[in-house]
Amino acid sequence: MTSGRAQTGQIEAEDTAATTLRRAVFVTLGALMLCGGLALLIVPTRYYPDSLVFLTLFSARHQDLPVAACVALILALLGMRPALAAADDAGGRSGLWSRAARHLPAAVLVGAGLLAALAWAIRIGVLFDHDFTRDEHMAVFDSRIFAAGRLFWPFPPALAPFYSALNDLFLFPIGNHEGLVSGYLPINAAIRAALGKIMPLSLVSPLQAGLAGLVLWRIAARLWPVDRGTQAVVLIGYAGSSQVILMGTAAFAMTTHLLLNLVWLALFLRGTRAGHAGALITGFLATGIHQPVFHPLFVLPFLDLLRRQRRWTVLGAYVAGYLVIGLAWAAWPNWLASYGIGQPPEGPSDQFGFLGRLAGLLTPPNFAAICLMAGNLLRFIAWQHVLIVPLAIVGTWRCAPRDDLARALALGILVTFVAMLILLPPQGHGWGYRYLHGLIGNLCLLAGFGWAWLRHHGGTPRRALHLTTAVSLLILLPVHALMVRGMIAPYARATQAFARLDADYVVVDSETLPFGTNFVLNRPDLSNRPRVLLGNLVFPWDLARLCPGRTIAFADAPAFSETYVYYEDRVPTRPSRIQQWQKQAVLRAGCRAIVAPVR
């Protein structure tokens, strides 16, 4: 009789676990369909800054919706096939899984190394070892300045007419065009400058992605010390994320955010004075990575955790610490600007303080912004491990109401998402949704909470985990890597072609060129030959002042047909009018004008 009741209770528990997971799967399916539908309602123009809006729609149509359809098909299979979604066994301690869990520490070390090596190999072998976006350019640009022991690079006064044409997007105004440095905070570039002394710059982000995996494991081991199966699930979700691996190939600051957020959380969870002091030091570095808003949004729910637990002394220390941190980094732009002598030119870039910038970005939520954020969420889900979001939903649904840490992890994702709805709905280019990249650790840990809950309530769906891991790594990751390659390829090939030219300057016919600033890369000391100019930002008579005796190459708009076609734009049949005037001006002034190939 007792045995029968126990068996009945176990069956009911297994039914509860399987039902919970299936509901989470169907919620994920609903989110994919809703986000996909809203993303298709985006109505943009193609021109900057609205080109970022166009890019969200373009990415949804050509990348995220096809992948989301594949993900949805797999999730529907899991939801409708009880044998796949059901618990494999209640204890979860038998067979191959158990043997693998026993060797987890060694597997984690090897896995972190392999993840870093894979990201580096993809960058070198697939993605042309090329820094594609202006954000990436700025990280490398600043790292070269800091590696030379400077805060900024002096700009030659003789080249003042070409300041904007050399690509001043995201540059910080020091005096009247007196120095070159980005408008971002310095820690990401400083880390790259320091590590660049001992390794290729292309290895820095892959290394950070691998280290973040190790820190994530230490957190999981603290939370579930005797449950190595749950630890393994957290790490599988991390390693199975195309976003983690492909963002780990790029110089974006977001991998640094992910690493330092996880280091902060590991120190915070120690609960000791040393741990909290270390967290505040890490918080100083993390706030200064590139934009000061992302790390405090990650931290805010943990301060609420301290409030809920009535740990007033610790909460007061963190509030005071972050007040000092905020004031210190708020002073950075003004301190940098103090090195200028002349009056900065008027324009949007004359807002030195971050508070002014934030005030300029604030917009009330509206339907257009909601559609953009739906596109971002679609992209975020489509670039993760297939099963990680359903498991995180289980963790949020079943654990967050009762567990303060799970609640803080979930709120971190929500708070950041809502903040971006108000501050900056379009993300621009990004391999996944990069503004949530620093919260991927939260997502994986919530999935760990979900897995642990399922195990305690009947068992865990290991067959589903095995299937979705294989799909994530063997199908989705290669597909995503090829998508990134297709987007980068025209820009990388043009940069390589420009570098082979025997010319002093290349003028890019950028008037209608999609994301034309991404074609214009120059070193901070302007030692690169040829120097590259945005054609729509240089006057013909200023180009003529470079003559005689120089060779100026012109990359005409029709030569960029691959880029126009990729972004579904009309391919020009002739150079722009200003490009034609520039050629005539330099020829009359005695320069040699040649054609610049872009492949």
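Here's a quick rundown of the structure. (Residues numbered from 1 in each chain as written. Predicted model: local features only at pLDDT ≥ 70, side-chain atom pairs only at ≥ 80, totals over all residues. Heavy atoms only, no water.)

Right, let's get into the packing of helix 12 (residues 273-287) against helix 14 (residues 312-337). Two packed helices can be described by the angle between their axes and the distance between those axes. Between helix 12 and helix 14, whose axes approach to 10 Å, the crossing angle comes to 25°. As judged from the angle between their axes, helix 12 and helix 14 are roughly parallel. With respect to the hand of their crossing, helix 12 and helix 14 are arranged in right-handed fashion. Together, H276, A279, L280, G283, F284 and T287 of helix 12 and V314, A317, Y318, G321, Y322, I325, A328 and W329 of helix 14 make up the contact between the two elements. (Axes fitted to C-alpha atoms, helices over the stretch in contact; angles between N-to-C directions. Helix = DSSP H or I, 4+ residues; strand = E, 2+ residues; numbered from the N terminus. Parallel < 35°, antiparallel > 145°, perpendicular 65-115°, else oblique. Left-handed = near helix turned anticlockwise from the far one by under 90°. Contact = heavy atoms within 4.5 Å.)

Across the two faces of strand 3 (residues 505-508) the burial is the same, with Y505 and V507 and V506 and V508 all buried. Where strand 3 and strand 4 (residues 531-534) come together, four bridges link them in parallel fashion. When the bridges of strand 4 are listed, V507 appears paired with L533. Pairing geometry for strand 3 and strand 5 (residues 551-555), over four bridges, is parallel. Pairing of V507 across the sheet is with F554, part of strand 5. (Buried < 20%, exposed > 50% of the residue type's maximum accessible area, 1.4 Å probe, protein only. Pairing = 2+ DSSP bridges.)

Moving on, we get to the state of the cysteines. In this structure the tally under the stated criterion is one disulfide. Note on cysteine connectivity: C547 is disulfide-linked to C591, with sulfurs 2.0 Å apart. Since a negative S-S torsion denotes a left-handed disulfide, the C547-C591 link at about -115° is left-handed. Taken as a pair, C547 in the loop between helix 21 (540-544) and strand 5 and C591 in the loop between helix 23 (577-588) and strand 6 (592-595) lie far apart in primary sequence, 44 residues in all. Across the pair, exposure class does not vary: C547 and C591 are buried alike. The closest cysteine sulfur to the non-disulfide-bonded C35 is located on C371, 10 Å from its own sulfur. For C35, a relative accessible area of 6% corresponds to the buried category. Its relative accessible area of 2% is what places C371 among the buried residues. (Disulfide = S-S within 2.5 Å.)

For the coordinates displayed, the defined rule picks out 13 salt bridges. Between D135 and R434 there is a salt bridge, with its nearest N and O atoms 3.0 Å apart. Highlighted residues: D135 in helix 6 (residues 134-147) and R434 in the loop between helix 18 (404-423) and helix 19 (440-456), separated in sequence by 299 residues. Accessibility expressed as a relative area gives 6% for R434, which makes it buried. Ionic pairing is found between R407 and D304, a salt bridge with its closest N-O pair at 2.6 Å. Pair noted here: R407 is in helix 18 and D304 is in helix 13 (residues 294-308), with a separation of 103 residues, a long-range link. Residue classification places R407 among the partly exposed residues on the basis of a relative accessible area of 25%. (Salt bridge = Lys/Arg side-chain N within 4 Å of Asp/Glu carboxyl O.)

So, about the nonpolar core. In terms of nonpolar packing, the biggest core is built from 194 residues, with Y238, W264, W431, F498, L543 and I552 touching the most fellow members. Among the elements that take part in this core, helix 20 (residues 462-499) stands out by supplying 15 residues, more than any other. Not counting chain neighbours up to four residues away, the residues in contact with Y238 comprise L115, A209, A212, G213, L216, V244, L258, I440 and C444. (Core = buried A, V, L, I, M, F, W, Y, C linked by side-chain atoms within 4.5 Å.)

Where helix 11 (residues 254-270) contacts helix 12, the two axes come as close as 7 Å, and the packing angle between them is 160°. Relative to helix 12, the element helix 11 is oriented roughly antiparallel. Crossing handedness for the pair helix 11 and helix 12: left-handed. Residue-level inspection shows H257, L260, V263, W264, L267, F268 and R270 of helix 11 in contact with helix 12, the latter providing G275, H276, G278, A279, T282, G283, L285 and A286. Each residue belonging to the contact of helix 11 with helix 12 can be placed in one class, and the counts come to eight nonpolar, six polar and one charged. (Nonpolar A, V, L, I, M, F, W, Y, C, P; charged D, E, K, R; others polar.)

Without other data, these values stay purely geometric and don't point to any function.
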